[in-house]
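Examination of the molecular architecture
For reference, the chains in residue letters:
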Amino acid sequence: MKRDAAQDILLESGTNEMEILEFYLEGQSFGINVQKLREIICYDPGRRTAMPESLPSVLGVYMVRGDSIPLIDLSSHLRQRTAVAPEAEARAIVLVCQFNRKVTGFLVEDVNQIHRVNWQSVEPMAPLIERFRPRFTGTIHVEDRDILIVDLEHILAEVDSDMDMSFSQNEGDDSVSETREDIGLMVAEDSVLIRAGIQKVLANAGYSRVEVFADGEECYQRLLCLKEQADSEAEFLKHVRLLVTDIEMPRMDGLTLCRRVREEIGIRDFKVVLFSSLITDEMAHKCQSVGADAWISKPQIPALVDLVDGFCFTDDA
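The following refers to the structure shown. (Residues numbered from 1 in each chain as written. Predicted model: local features only at pLDDT ≥ 70, side-chain atom pairs only at ≥ 80, totals over all residues. Heavy atoms only, no water.)

The next subject is the overall build of the protein chain. Within the protein chain, the regular secondary structure consists of 12 helices and 17 strands. Buried positions account for 53% of the 317 residues belonging to the protein chain. For the protein chain, the proportion of contacts with a sequence separation of at least 24, taken over those separated by at least 6, is 68%. (Helix = DSSP H or I, 4+ residues; strand = E, 2+ residues; numbered from the N terminus. Buried < 20%, exposed > 50% of the residue type's maximum accessible area, 1.4 Å probe, protein only. Contact = heavy atoms within 4.5 Å.)

Structure below.
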């Protein structure tokens, strides 16, 4: 399976649409954003090399076009079964994905089709479920079934220390920490793990006035409310100076959020930083086209704090 140009047009135009690949684990429907998908290939056990002392869900490395990539058994990792059954091996599929600047393979039972959907139709996980840090970011109802959207970043962080999303960070510079306390920030991120991590790192740096949102629509409505309440742009900026937003989010994606902030909120000095696992050179062009001030790939948390400082501590801040 090859990706086509239409997938890129969807995000570039800021239509709040995406394409989800539906696949199966033990007969249940799951989905991932096609933007993360490089290709779909049939699983060949002869291409796999086991890695001793790895997690049970890490099957080892898998050879794809001359390159070795990590291979994760999604069903095992989600604890639906303990190992790849011999009868499942014969029909298994490898989803070759690229995000967080890495290429990873995910073993699944089978694939169904790609669905073009609107982010508005994606429901975030319920707050009660989020308390347990699920490996899913939302659900969408398609035809007669619910599709769980898998948080691949969360899963990769659990098996790869380089992708650790605990976001350990040194305390902020004492010389500016007091000023940081006066600056209002917003964070829009659907992953409960990453959302909590960003908030923790910003707090450690001295940014204590941080509002967090689980989806783009909720964040946008809050910004509209602040705009209506503020008598001037200066008063608005006293409430919030900068927004850090993911791209993939239920109800409203980050590109659409950024575009609407620029077109409908219209406050020039309000900064928007896109923080996403999807950042590539091509995606950078899309970020620029919707008016983002900066973009950075997960999980570069220290760089994110430096970026926020750079926008908030200017000569006229």
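There's more to say after this.
Moving on, we come to the nonpolar core. By size, the foremost hydrophobic cluster in this structure holds 30 residues, and its most contacted members are Leu223, Phe236, Leu243, Leu257 and Phe270. Those elements that provide at least two residues to this core are strand 13 (184-188), helix 8 (216-229), helix 9 (233-239), helix 10 (254-265), strand 16 (271-276) and helix 11 (281-289). Top element by residues in this core is helix 10. It accounts for 5 residues. Sequence-distant contacts of Leu243, defined by excluding residues within four places in its chain, comprise Met186, Val187, Ala188, Cys219, Leu223, Leu257, Phe270, Lys271, Val272 and Val273. Counting 24 residues, the second largest nonpolar core, distinct from the first, contains Leu21, Val34, Phe99 and Phe136. (Core = buried A, V, L, I, M, F, W, Y, C linked by side-chain atoms within 4.5 Å.)

For the rest of this paragraph, the subject is the sheet that holds strand 11 (residues 136-142). Pairing is mixed in the open sheet, where 6 strands are placed in the order 9-1-2-12-11-10. The two strands at the open ends of the sheet, each matched to only one other strand, are strand 9 (110-118) and strand 10 (123-124). Sheet topology note: the strand 10/strand 11 ladder contains 2 bridges and is antiparallel. Paired with Pro124 across the bridge in strand 11 is Gly138. (Pairing = 2+ DSSP bridges.)

With 5 of 6 residues buried, strand 2 (residues 28-33) lies mostly within the body of the structure. Sheet topology places strand 1 (residues 17-25) next to strand 2; 6 bridges connect them, and they run antiparallel. Bridge pairing links Leu25 to Gln28 in strand 2. The sheet contact formed by strand 2 and strand 12 (residues 145-150) spans 2 bridges and is parallel. Paired with Gly31 across the strands is Ile149, a residue of strand 12.

Below, the discussion takes up empty space enclosed by the protein. Counted according to the given criterion, the structure contains 4 cavities of 30 Å³ or more. Together, 18 residues line the largest cavity, and Lys36, Thr137, Glu153, Asp190 and Glu248 are the ones closest to its centre. At the level of elements, strand 1, strand 2 and strand 12 are the ones that each hand at least two residues to the lining of the largest cavity. The class makeup of the residues in the lining of the largest cavity is 7 nonpolar, 3 polar and 8 charged. (1 Å grid on protein atoms, 1.4 Å probe; cavity = no way out; pocket = protein on both sides within 12 Å on 5 of 7 lines; lining within 4 Å. Points joined across faces, edges and corners; volume = space filled by probe spheres on them. Nonpolar A, V, L, I, M, F, W, Y, C, P; charged D, E, K, R; others polar.)

What follows is about the packing of helix 7 (residues 192-204) against helix 12 (residues 301-312). Between helix 7 and helix 12, the shortest axis-to-axis distance is 11 Å and the interhelical angle comes to 55°. Comparing their axes, helix 12 and helix 7 come out oblique. By crossing handedness, the relation of helix 7 to helix 12 is classed as right-handed. The segment helix 7 lies against helix 12, with Ile198, Val201 and Leu202 engaging Ile301, Leu304 and Val305. Each residue belonging to the contact of helix 7 with helix 12 can be placed in one class, and the counts come to 6 nonpolar, no polar and no charged. (Axes fitted to C-alpha atoms, helices over the stretch in contact; angles between N-to-C directions. Parallel < 35°, antiparallel > 145°, perpendicular 65-115°, else oblique. Left-handed = near helix turned anticlockwise from the far one by under 90°.)

Per the counting criterion, the structure on display carries 20 salt bridges. Here Asp215 and Arg251 are joined by a salt bridge, their closest N and O atoms 3.3 Å apart. Placement of Asp215 in the loop between strand 14 (209-213) and helix 8 and of Arg251 in the loop between strand 15 (242-245) and helix 10 is noted, with a sequence separation of 36 residues between them. What makes Asp215 buried here is its relative accessible area of 2%. Each of the salt bridges in this network shares a partner with another, and the network as a whole consists of Glu22, Glu143, Asp144 and Arg145. (Salt bridge = Lys/Arg side-chain N within 4 Å of Asp/Glu carboxyl O.)

Along its 12 residues, helix 12 runs 17 Å from first to last C-alpha, staying within 8% of the 16 Å computed at 1.5 Å per residue. Of all the positions in helix 12, only Ile301, Leu304, Val305, Val308, Asp309 and Cys312 are classed as buried. The buried residues of helix 12 occupy one face: seen down the axis, they fall within an arc of 140°. (Expected span 1.5 Å × (residues − 1). Arc of directions from axis to C-beta.)

Taken across its 6 residues, strand 12 has 5 buried, putting it largely inside the fold. As paired strands, strand 11 and strand 12 are joined by 6 bridges and run antiparallel to one another. Each residue of the ladder has a partner; that of Ile140, found in strand 12, is Ile147. Hairpin connection from strand 11 to strand 12: 2 residues lie between these consecutive antiparallel strands, with Glu143 at a positive phi of about 55°.

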